[in-house]
Amino acid sequence: MISLSTKVADIINIYPFIINQLEYFEIYLPIGDYTIKNLAERENINPEFLIFLFEYSVYDKISTDYIPQIKDLNFILTYLKNNHKYYSANMFPHIDKLLQKANYELNSDLKLVIKFFKEYYSEVIEHFDYENNIVFPYINFLLEKSENYNLSSNIHYSMEEYKNHHDDINEKLLDLKNLLIKYLPFTFDSVLRKKLLFNLYQLEKDLAIHSYIEDKILIPIVEMLENECK
Amino acid sequence: MNANNKITILTNSQIIFNGFLYILKNINIQTDWHNLDIANYDFDSNTLYIIDSILLHNDSVIHNIKKNSNKKLICLQTTYINKEILNYFKDFITLSDNSEVIIKKIQNILNQHDDNLESDENILSDREIEVLKLVVSGHQNKEIADLLNISINTVITHRKNISQKTGIKSLSGLTIYAVLKNIISIDNIS
């Protein structure tokens, strides 16, 4: 169980990938003996949100104690933006490099996998670009407007539209995993296969949390904000 | 695939052996080189043998190859060899084959013994394979329905079953699946 008094270092000890989650908030190690409560105070983050995030990451369990609220928007946006940055600057180039390293002139199967991964990659990047260029500016505008009601703009956008645009980016990732697990022949470099799979698992988990935050936390909060600004 | 699998190259030529080592360097399988007496050799069923045709010079050698034709034997055609003898082999490699072709041929033979990778309930039916071929070559549901003389709903059901059985949903994923299973040729896709 993770609670307000749980030490963040203890969570990292059982599940080191939490370090990524912390970095999305721009929190870096060392973390000393900070508890979730202390850390949340220091960073101005709702501690219930941290508990939700850690429980989801470590146990795949969704804590129901966290209730989305408008004042949390700031750190949630920081989290999502850094999350986007991490994929495009770090995670994807890393997987790409793994694929390039293999001597693939010899293996047409591998060429297909690389092509498939690139397709997937550009789909995800497109999804991020859309959020970075349209959704986040819209949210920023709403935030400003909630402070200054007279603010006018020609932005014609709503969360309703976002929901429609927010399609499933997970399908190709699962396909890629299944190809590696079930079908790519024995002769496919086994070290590369393993590295790819481990990276894809990490990506899948990370994206699941990401999507959950967008769908179940960001959208409801922004809808509240929309109502306030009406 | 059995971890005991290995490849043995039977040739007198260092050039040929080193060539194979180079081509197979990305394949995780132990490869060695023997210069053994083929006429009296008891071929191991876990090993894939690539046999230089120049060694098939007398009747007792050919007789032993024939006796072992159920084993994983590939003929490396460095000399002229008659068709009947070639039939004792699972496949043959020529000196003009490129690396990709050679790997594919070896892979196919190693995978032949892997039929039980898929459980019966997950093997695609002939009809599903037909639908899959059309799907990955870019046909829309409506076109597939017309071509196969079935309703669109039936096409959709087939597609659903294909994805359920294979675990693969996207068009690009299914294309790779179809290539790996030799349902379509890699040349058919751009």
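Preceding this section is the structure that the text describes.
All figures in this text were calculated on a predicted structure; none of them were measured in a lab.

### Quick notes on the nonpolar core
At step 1: Core analysis: the largest hydrophobic core is formed by 50 residues, its most contacted members being A:Phe92, A:Leu179, A:Leu203, A:Leu207, B:Leu132 and B:Tyr177.
At step 2: Elements with a minimum of two residues in this core: helix H5 (73–101), helix H6 (108–147), helix H8 (171–183) and helix H9 (190–229) of chain A together with helix H5 (126–136), helix H6 (141–148), helix H7 (152–166) and helix H8 (171–180) of chain B.
At step 3: Element by element, the count of residues in this core is highest for H6(A), at ten residues.
At step 4: Excluding anything up to four places from it in sequence, B:Leu132 contacts B:Leu124, B:Ile162, B:Leu174, B:Tyr177, B:Ala178 and B:Ile183.

### Focus: the interface of chain B and chain A
At step 1: Each partner contributes to the interface: chain B provides 31 residues, whereas chain A provides 25 residues.
At step 2: Each partner contributes to the roughly 2,600 Å² buried at the junction of chain B and chain A, and carbon and sulfur atoms together form 60% of this total.
At step 3: Of all residues in chain B, B:Asn28, B:Ile176 and B:Leu180 give up the largest surface area on contact with chain A, accounting jointly for 22% of the area buried on that side.
At step 4: Between B:Glu100 and A:Lys111 there is a salt bridge whose closest N-O contact spans 3.6 Å.
At step 5: For the pair chain B and chain A, the interface holds six residue pairs in polar contact (both at pLDDT 80 or more).
At step 6: Broken down by element, the residue count for the side of chain B that touches chain A peaks at seven residues, all from helix H4 (residues 99–112) of chain B.
At step 7: When the residues that make up the side of chain B that touches chain A are grouped by side-chain class, the tally is 13 nonpolar, eleven polar and seven charged.

### A closer look at unusual backbone geometry
At step 1: A cis amide bond links A:Leu29 to the next residue, A:Pro30, at an omega of 5 degrees.
At step 2: If you trace the backbone, A:Pro30 turns up in the loop between helix H2 (18–24) and helix H3 (36–43).
At step 3: One non-glycine residue, B:Asn149, lies in the positive phi region at around 60 degrees.
At step 4: For B:Asn149, the location among the structural elements is in the loop between H6 and H7.

### Digging into the packing of helix H4 (residues 47–59) of chain A against H9(A)
Residues and elements named next belong to chain A.
At step 1: Running from N to C, H4 and H9 point in directions that differ by 140 degrees, and their axes come no closer than 10 Å. On the basis of the axis angle, H4 is oblique to H9. By crossing handedness, the relation of H4 to H9 is classed as right-handed. In contact with Phe49, Phe52, Leu53, Tyr56, Ser57 and Val58 of H4, H9 contributes Lys205, Ala208, Ile209, Tyr212, Ile213 and Ile217.
At step 2: Counted by class, the contact of H4 with H9 contains ten nonpolar, one polar and one charged residues.

### Digging into the packing of H5(B) against H7(B)
Residue and element names in this part refer to chain B.
At step 1: Running from N to C, H5 and H7 point in directions that differ by 95 degrees, and their axes come no closer than 10 Å. Of the possible angle classes, the one that applies to H5 and H7 is roughly perpendicular. Contact residues: Arg127, Glu128, Val131, Leu132 and Val135 in H5; His158, Arg159, Asn161, Ile162 and Lys165 in H7.
At step 2: When grouped by side-chain class, the residues that make up the contact of H5 with H7 number four nonpolar, two polar and four charged.

Here is what the cut-offs are and how they apply
- Residues numbered from 1 in each chain as written.
- Chains lettered and ligands numbered in written order.
- Predicted model: local features only at pLDDT ≥ 70, side-chain atom pairs only at ≥ 80, totals over all residues.
- Heavy atoms only, no water.
- Core = buried A, V, L, I, M, F, W, Y, C linked by side-chain atoms within 4.5 Å.
- Buried < 20%, exposed > 50% of the residue type's maximum accessible area, 1.4 Å probe, protein only.
- Helix = DSSP H or I, 4+ residues; strand = E, 2+ residues; numbered from the N terminus.
- Contact = heavy atoms within 4.5 Å.
- Buried area = accessible area lost by both parts, 1.4 Å probe.
- Salt bridge = Lys/Arg side-chain N within 4 Å of Asp/Glu carboxyl O.
- Polar contact = N/O pair within 3.5 Å; in protein donor to acceptor, adjacent residues only side chain to side chain.
- Nonpolar A, V, L, I, M, F, W, Y, C, P; charged D, E, K, R; others polar.
- Axes fitted to C-alpha atoms, helices over the stretch in contact; angles between N-to-C directions.
- Parallel < 35°, antiparallel > 145°, perpendicular 65-115°, else oblique.
- Left-handed = near helix turned anticlockwise from the far one by under 90°.

It is worth stressing that arrangement in space is one thing and function is another; only the former is reported here.
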